[in-house]
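Observations on the model geometry
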2 protein chains.
Amino acid sequence: MPSPGEQGKLYLVGTGPGDLSLLTERARMALEESTYILGNGVYLDFLDPLIAGKQVIRSSMGKEVERAEQSIKLAGIHVVSLVSGGDAGVYGMASIVLEVIERQGIDVRLEIIPGITAAQAAASRLGSPLSGDFVVISLSDLLTPWEKIEQRLGHAFSMGVPVALYNPRSRGRPDNLQKALEIAGKHLADTVPVGVVRNAYREEEEVLVTTLGGMRENLDRIDMHSTVIIGGEETRIWRRGSDVRGIITPRGYHRKYTY
Amino acid sequence: MPSPGEQGKLYLVGTGPGDLSLLTERARMALEESTYILGNGVYLDFLDPLIAGKQVIRSSMGKEVERAEQSIKLAGIHVVSLVSGGDAGVYGMASIVLEVIERQGIDVRLEIIPGITAAQAAASRLGSPLSGDFVVISLSDLLTPWEKIEQRLGHAFSMGVPVALYNPRSRGRPDNLQKALEIAGKHLADTVPVGVVRNAYREEEEVLVTTLGGMRENLDRIDMHSTVIIGGEETRIWRRGSDVRGIITPRGYHRKYTY
């Protein structure tokens, strides 16, 4: 019999936005190698074709600590994949797993597999709104006090670079997005482009290109499945003739080259 | 004969940090479908096993505008993949391609395929240093004036969230990193954890976990193949007993739960 800790391994797998084609090969191999697959039910659903026949343990939002503890325990003797939508290291399960491992003083073989996070998925559908320097901020105040989020937003919009907003409208506090837009308005012009992608790379994907001013009449279209990208000082709407094609944040080649 | 524009397509492919296992399936399929593959020689080298027999056009750093123009032209009648290391939409080729398309007023079928960017690759090797809100800033002043970079750094470190530094030491200006660390020091304690990953997921990968104070004696170990992650106000070194295992930025579960 294998001694505990010798055969087990815990993969923290980022599964990307929710389309199997955006999974990395490494994530696929980890799932294949695993006996147990744990995750939020939402993220497990789209993995169905890859995890048939596995021991699948479905959890739900708000149960992250229990899920981390259960995964670590199982990984003592089994190969386990704990999946996170997007990137396991960005609003994913990596931090809570490491915290639990540290506090319990146990050892576990561990590999963190990064995945495409929502900002990247949304950006790729909008054109090139991020391009260079950018900021990622979640408007969920479940784990971070709202006052702190407001301070961060103020500094972020002062940078003049694009800001990707995660969890723009949580059920508990539907007004967080409006407050964030007001803070943006103190630092950026009403004409600054804003892109919204809802259900990126999933069924019923929707892409909206508007401006900071235009967001006021689009607030109702945004929910917890949306990612909002607010442009920086150089961001502009990308057009072909009078058609809006997306959003571009130039990287600065125009300062050096003619094209 | 196909009429121009009907058969052609341009894929902007993010190829991740440089290990084929971190390529997405979608990126693989785009490469497979393409007749022409264009990119910086460095990124094409590791794709060798996937692009054998293709028309491969190698370019070099600094030739981004020409590479964009050539790709767009070829994509009028051929299926073309223009590859970027990391994510095509983050310090990659997406923005310059869209700018050229816009200025030339031409139409081209286009798909942008996101990839794992350096901040994510580095983070996954360090533990969970990003975890939630974070900032990405490049210290290269080739396309962005240094004064602007300094302003952004000041605001970024004021946010108290982790900051990932790309191009931490460019050949042209080796002192940019030292200046950035001085700005960090105005806002963050000397004990704040700093992680450096050199050649993430490539041969001779090196991982360094230190602090803002400790970076002073490690400057020489950092080059253009390194990504530096400077922790935020809550970031801490992740230990097992007296061993340093990595870096954790807690997401805030400790404010709500016991574990």
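Residues numbered from 1 in each chain as written. Chains lettered and ligands numbered in written order. Predicted model: local features only at pLDDT ≥ 70, side-chain atom pairs only at ≥ 80, totals over all residues.

Residues and elements named next belong to chain A. By the assigned domains, chain A splits into domain 1 (9-116) and domain 2 (119-255). Computed over C-alpha atoms, the centres of domain 1 and domain 2 are 28 Å apart. A breakdown of the residues in the side of domain 1 that touches domain 2 according to their chemical character gives four nonpolar, one polar and one charged. (Domains from an automatic or database assignment. Nonpolar A, V, L, I, M, F, W, Y, C, P; charged D, E, K, R; others polar.)

Okay, the interface of chain A and chain B next. On the side of chain B, 64 residues touch chain A, which itself brings 64 residues to the contact. Looking at the side of chain A that touches chain B element by element, the count peaks at eight residues for helix H5 (residues 94-104) of chain A. A per-class count over the side of chain A that touches chain B returns 32 nonpolar, 16 polar and 16 charged. (Contact = placed C-beta atoms within 7 Å. Helix = DSSP H or I, 4+ residues; strand = E, 2+ residues; numbered from the N terminus.)

What follows is about the relation of the copies chain A and chain B. Note on the copies: chain A fits chain B at an RMSD of 0.0 Å, the axial shift is 0.0 Å, and the rotation between them is 180°. Considering both components of the superposition, the chain copies are consistent with a two-fold axis. Interface overlap between copies: 100% of the residues of chain A at the interface are likewise at the interface in chain B, consistent with a symmetric, same-surface contact. (Least-squares fit on C-alpha atoms with pLDDT ≥ 70 in both.)

Residues and elements named next belong to chain B. One open sheet holds the three strands; their spatial order is S6-S13-S12, and the pairing between them is mixed. Looking along the sheet, the strands with just one partner apiece sit at the ends: strand S6 (127-128) and strand S12 (236-240). Relative to strand S13 (residues 243-248), S12 is paired through five bridges, and the arrangement is antiparallel. Paired with arginine 236 across the two strands is isoleucine 248, which belongs to S13. (Pairing = 2+ DSSP bridges.)

The biggest cluster of nonpolar side chains holds 156 residues, and the ones touching the most others in it are Leu12, Val13 and Val97 of chain A together with Leu12, Val13, Val97 and Ala122 of chain B. Apart from the residues within four sequence positions on either side, valine 13 of chain A is in contact with Ala27, Ala30, Leu31, Ser81, Leu82, Val83, Ala88 and Ile113 of chain A. (Core = buried A, V, L, I, M, F, W, Y, C linked by C-beta atoms within 7 Å. Buried ≥ 20, exposed ≤ 12 C-beta atoms within 10 Å, placed from the backbone.)

Moving on, we get to unusual backbone geometry. Even without being glycine, serine 131 of chain A reaches a positive phi, approximately 60°. Relative to the elements of secondary structure, serine 131 of chain A occurs in the loop between strand S6 (127-128) and strand S7 (134-138). Backbone geometry places glutamate 204 of chain B, a non-glycine residue, at a positive phi of 60°. As for its position among the elements, glutamate 204 of chain B is in the loop between strand S9 (193-198) and strand S10 (206-211).

With that settled, the discussion passes to the environment of serine 131 of chain B. Since 29 C-beta atoms lie within 10 Å of it, serine 131 of chain B is described here as buried. Not counting residues up to four positions away in its chain, the partners in contact with serine 131 of chain B are Gly89, Ala94 and Ser95 of chain A together with Thr249 and Arg251 of chain B.

Our next topic: the pairing of strand S7 (residues 134-138) of chain B. For S7 of chain B, the tally of buried residues reaches five of five residues, placing the bulk of the element in the interior. Of the two faces of S7 of chain B, the one carrying Phe134, Val136 and Ser138 of chain B and the one carrying Val135 and Ile137 of chain B are both buried. Sheet topology places S7 of chain A next to S7 of chain B; three bridges connect them, and they run antiparallel. If you follow phenylalanine 134 of chain A over to S7 of chain B, its bridge partner there is valine 136 of chain B. With four bridges joining them, S7 of chain B and strand S8 (residues 163-166) of chain B adopt parallel strand pairing. Within S8 of chain B, the residue paired with valine 136 of chain B across the bridge is alanine 164 of chain B. With helix H6 (residues 146-158) of chain B bridging S7 of chain B and its parallel neighbour S8 of chain B, the resulting β-α-β unit is right-handed. (Right-handed = clockwise from strand over helix to strand, strands pointing away.)

All right, on to the pairing of strand S1 (residues 9-14) of chain A then. All names here are of chain A. For S1, a buried count of five out of six residues is recorded, marking the element as mostly surrounded by other parts of the structure. Bridging between S1 and strand S4 (residues 79-84) involves six bridges; their strand directions are parallel. By the bridge assignment, tyrosine 11 is partnered in S4 with serine 81. Pairing geometry for S1 and strand S5 (residues 110-113), over four bridges, is parallel. Bridge pairing in S5 places valine 13 opposite isoleucine 113.

Here we come to the packing of H6 of chain B against helix H7 (residues 176-187) of chain B. All names here are of chain B. Two numbers describe how H6 lies on H7: the axes approach to 9 Å, and their chain directions differ by 35°. The handedness of the crossing between H6 and H7 comes out as right-handed. In contact with Glu150, Leu153, Gly154, Phe157 and Ser158 of H6, H7 contributes Ala180, Ile183, Ala184 and His187. For the contact of H6 with H7, the class distribution of residues is five nonpolar, three polar and one charged. (Axes fitted to C-alpha atoms, helices over the stretch in contact; angles between N-to-C directions. Left-handed = near helix turned anticlockwise from the far one by under 90°.)

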